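So the chains spell out like this:
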Amino acid sequence: MNNKITQLFNIKYPIIQGGMVWVSGYKLASAVSNAGGLGLIGAGSMYPDVLREHIQKCKKATDKPFGVNVPMLYPQIEEIMNIIVEEEVKIVFTSAGNPKTWTSFLKEKGITVVHVVSSVKFALKAEAAGVDAIVCEGFEAGGHNGREETTTFTLIPMVKEAVKIPVIAAGGIATGKGMLAAMVLGADGVQIGSRFAATEESSAHINFKNIIVDVKDGDTHLTLKELAPVRLIKNKFYQEVQELYQQNPTKEQLIALLGRARAKKGIFEGDLENGELEIGQIAGLIHEIKSAKQVLEEVIGEFNAVKTTVNQL
Ligand SMILES: Cc1cc2nc3c(=O)[nH]c(=O)nc-3n(C[C@H](O)[C@H](O)[C@H](O)COP(=O)(O)O)c2cc1C
């Protein structure tokens, strides 16, 4: 394929593997890049020296373009950005913060910058900050989300109407049909998270991968909106959060219940009861753990097949 996104990143298919805490290390990122998509290392769960190691290993594992996702809430963000520059990473996806803060710094170093947004307002802010493209993420997505609960199906055409820069759709896309639908709505490419979380190369615990395969529609919910809204599987920890909500809790009480390292406990250590299990609604359509290459080939195969039959509708 040849379009704005394949040209921007110099990749074969306009498919980006979303940066994911405790999931997307160098193994997943390099596997996706080697298969023709764009792999992203998720810096959000890595200490600076761990990130450096993953970048170096990724360079050895692929000669194709790859990038790093940086949630801007990250405490040691300056150190992270300096490592990215020192290691000559060419592509950075920023999320969870103001795109103004780091875009010009990265652009001055010749880095391609993409920012993740969940509304038209923030899409315009990101464009004004000078990013090269935006990821527009609907609230069906796994991980942290916008409070407004705007769906991918509605967000993409509204953002497309408002901005000139390329738009990457995220949230609820796991198949070639989903990808085609997003592109019909105006997206120039797609970012896929949940589907890649359940791959062989994902660094998530096998318990977490297995529960993704078991999840049905309705098994996840966007919660903890007073902190950073996050879509979680309805496990024991989620029920505890809901019980606390019955008591009209303060923000401090929610922070205390969340504690530290809940996502690590659930996703990386496989504690399905007490951990935060971040996954998207589309997990209901994920039935098998496969390799990243198989996933990419299936998505592209279905995308091409459906494209040729769609005019019969
Ligand atoms: C386990 C998990 C962790 C995630 N961590 C991050 C992250 O660190 N930074 C980020 O920008 N997005 C993160 N996301 C969002 C993904 O990058 C991607 O945009 C999202 O999963 C797309 O929606 P989907 O899950 O429906 O495919 C995460 C998603 C999941 C499922």
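Asker: Any details on the side chain of T94? Residues and values, ideally.
Answerer: Mapped onto the elements of the fold, T94 is located in strand β4 (residues 91-95). Given a relative accessible area of 2%, T94 falls into the buried group. Not counting chain neighbours up to four residues away, the residues in contact with T94 comprise V70, M72, M81, V114, H115 and V116.

Asker: Give a detailed account of the nonpolar core, specifying residues and quantitative values.
Answerer: Formed by 74 residues in total, the largest nonpolar core has its most connected members in I15, I84, I134 and F196. If one sorts the elements of this core by residue count, helix α14 (residues 292-309) sits on top with seven residues. The residues touching I15, leaving out its near neighbours within four places in the chain, are G37, L38, M179, V190, I192, F196, L296, V299 and I300. In this structure, I5, L38, F93 and V114 belong to the second largest nonpolar core, which totals 14 residues.

Asker: Residues and numbers for the sheet that holds strand β10 (residues 220-223), please.
Answerer: Sheet architecture is open: three strands sit in the order β7-β11-β10, paired in antiparallel fashion. Edge positions in the sheet fall to β7 (143-144) and β10, since each of these pairs with one other strand and no more. Bridge analysis of β10 against strand β11 (residues 230-233) gives four bridges, and the strand direction is antiparallel. In the strand pairing of β11, T223 is matched with V230.

Asker: Report on the packing of helix α6 (residues 120-129) against helix α7 (residues 152-162), specifying residues and quantitative values.
Answerer: It is at 9 Å that the axes of α6 and α7 come closest, and there the two elements cross at 40°. Between α6 and α7, the angle is such that the two are oblique. For α6 against α7, the interelement crossing comes out right-handed. Together, V120, A123, L124 and E127 of α6 and L155, M158, V159 and A162 of α7 make up the contact between the two elements. Taken together, the residues that form the contact of α6 with α7 break down as seven nonpolar, no polar and one charged.

Asker: An account of the pattern of salt bridges is requested, with residue identities and associated values reported.
Answerer: Scanning all chains against the criterion turns up twelve salt bridges. For D63, the salt bridge goes to K64, with nearest N and O atoms at 3.7 Å. It is possible to trace a salt-bridge network through shared partners that takes in R52, K59, E86 and E87.

Asker: Give me the packing of helix α4 (residues 77-86) against helix α5 (residues 100-108): which residues, what numbers.
Answerer: Contact pair α4 / α5: the axes reach a minimum separation of 11 Å and the direction vectors enclose 20°. It follows that α4 is roughly parallel to α5 by the angle criterion. The interaxial crossing formed by α4 with α5 has right-handed handedness. Facing I77, E78, M81, N82 and V85 of α4, the residues of α5 in contact are W102, F105 and L106. Split by residue class, the contact of α4 with α5 holds six nonpolar, one polar and one charged.

Asker: Tell me what's going on with the site of the ligand, and back it up with residues and numbers.
Answerer: Neighbouring the ligand are 21 residues, the closest being N69, E137, G172, Q191 and S194. Between the ligand and G172, the relevant distance is 2.7 Å, taken from an oxygen atom to a main-chain nitrogen or oxygen of the residue. Summarising the interface, the protein chains cover 95% of the accessible area of the ligand, which totals 610 Å² for the free molecule. For the shell around the ligand, the secondary-structure elements that each account for two or more residues are β3 (66-71) and β9 (189-192).

Asker: Describe the pairing of β4, and please don't skip the residues or the numbers.
Answerer: Counting buried residues along β4, five of its five residues qualify, which places the element largely inside the surrounding structure. Residue alternation in β4 divides its side chains into two sets, I91, F93 and S95 and V92 and T94, and both sets are buried. Strand direction decides the pairing type here: β3 and β4, joined by five bridges, are parallel. Bridge assignment links G67 to a residue of β4, and that residue is I91. Where the polypeptide runs from β3 across α4 and back to β4, its parallel neighbour, the crossover connection is right-handed. With four bridges joining them, β4 and strand β5 (residues 112-117) adopt parallel strand pairing.

Asker: With reference to specific residues and values, describe the side chain of R195.
Answerer: Looking at where R195 falls in the secondary structure, it is placed in helix α9 (residues 194-197). Buried charge without a salt bridge: R195, with E298 as the nearest opposite-charge side chain at an N-O distance of 5.3 Å. Among the polar contacts made by the side chain of R195, one reaches the main-chain carbonyl oxygen of E288 at a distance of 3.0 Å.

Asker: I'd like to hear about the environment of M179, residue by residue, with values.
Answerer: Among the structural elements, M179 can be located in helix α8 (residues 176-184). Looking at M179, the relative accessible area reads 0%, which means it is buried. Each C-alpha atom, one on M179 and one on K121, is 24 Å from the other, the two residues being 58 residues apart in sequence. Sequence-distant contacts of M179, defined by excluding residues within four places in its chain, comprise M1, P14, I15, I173, V190, V299, I300 and F303.

Calculation rules
Per chain, residue numbering runs from 1 following the sequence as it is written. It should be noted that, the model being predicted, local features are given only for residues of pLDDT at least 70 and side-chain atom pairs only at 80 or more, the latter also being counted only at that level, while totals for whole chains, interfaces and linings use all residues. The basis for every side-chain value is the complete set of heavy atoms in the structure, and neither hydrogens nor water enter the calculation. Working definition: helices are DSSP H or I runs of at least four residues, strands are E runs of at least two. Numbering for both runs from the N terminus. Each residue is placed in one exposure class: buried if its accessible area under a 1.4 Å probe, protein chains only, is under 20% of its type's maximum, exposed if it is over 50%, and partly exposed if it falls in between. Contacts: residue pairs with any heavy atoms within 4.5 Å of one another. Joining through side-chain atoms within 4.5 Å is the link that ties buried Ala, Val, Leu, Ile, Met, Phe, Trp, Tyr and Cys residues into a set, and such a set is a nonpolar core. When DSSP finds at least two bridges between two strands, those strands are taken to pair. Every angle, taken between N-to-C directions, lies between 0 and 180 degrees, and every axis is a line fitted to C-alpha atoms, over only the stretch in contact when it is a helix. Working definition: roughly parallel below 35 degrees, roughly antiparallel above 145 degrees, roughly perpendicular at 65 to 115 degrees, and oblique for all remaining angles. Two helices crossing with the near one rotated counterclockwise from the far one by less than a right angle form a left-handed crossing, whereas a clockwise rotation gives a right-handed crossing. Charged means Asp, Glu, Lys or Arg here, nonpolar means Ala, Val, Leu, Ile, Met, Phe, Trp, Tyr, Cys or Pro, and polar covers whatever is left, Gly included. Salt bridge criterion: a side-chain nitrogen from Lys or Arg within 4 Å of a carboxyl oxygen from Asp or Glu. A single heavy atom is enough: if one lies within 4 Å of a molecule or strand, its residue is considered near that molecule or strand. Pairing of N or O atoms within 3.5 Å defines a polar contact, subject to two protein rules: one partner must be a possible hydrogen donor and the other a possible acceptor, and residues neighboring in sequence count only if both atoms are side-chain atoms. Each accessible area is a Shrake-Rupley estimate made with a 1.4 Å probe; only the visible protein chains count as cover when residues are assessed. Crossover handedness is defined by viewing with both strands directed away from the observer: a clockwise path from the first strand over the helix to the second marks the crossover as right-handed. The charged-residue count follows a simple rule in which Lys and Arg add positive charge and Asp and Glu add negative charge, with His and chain termini not counted at all.

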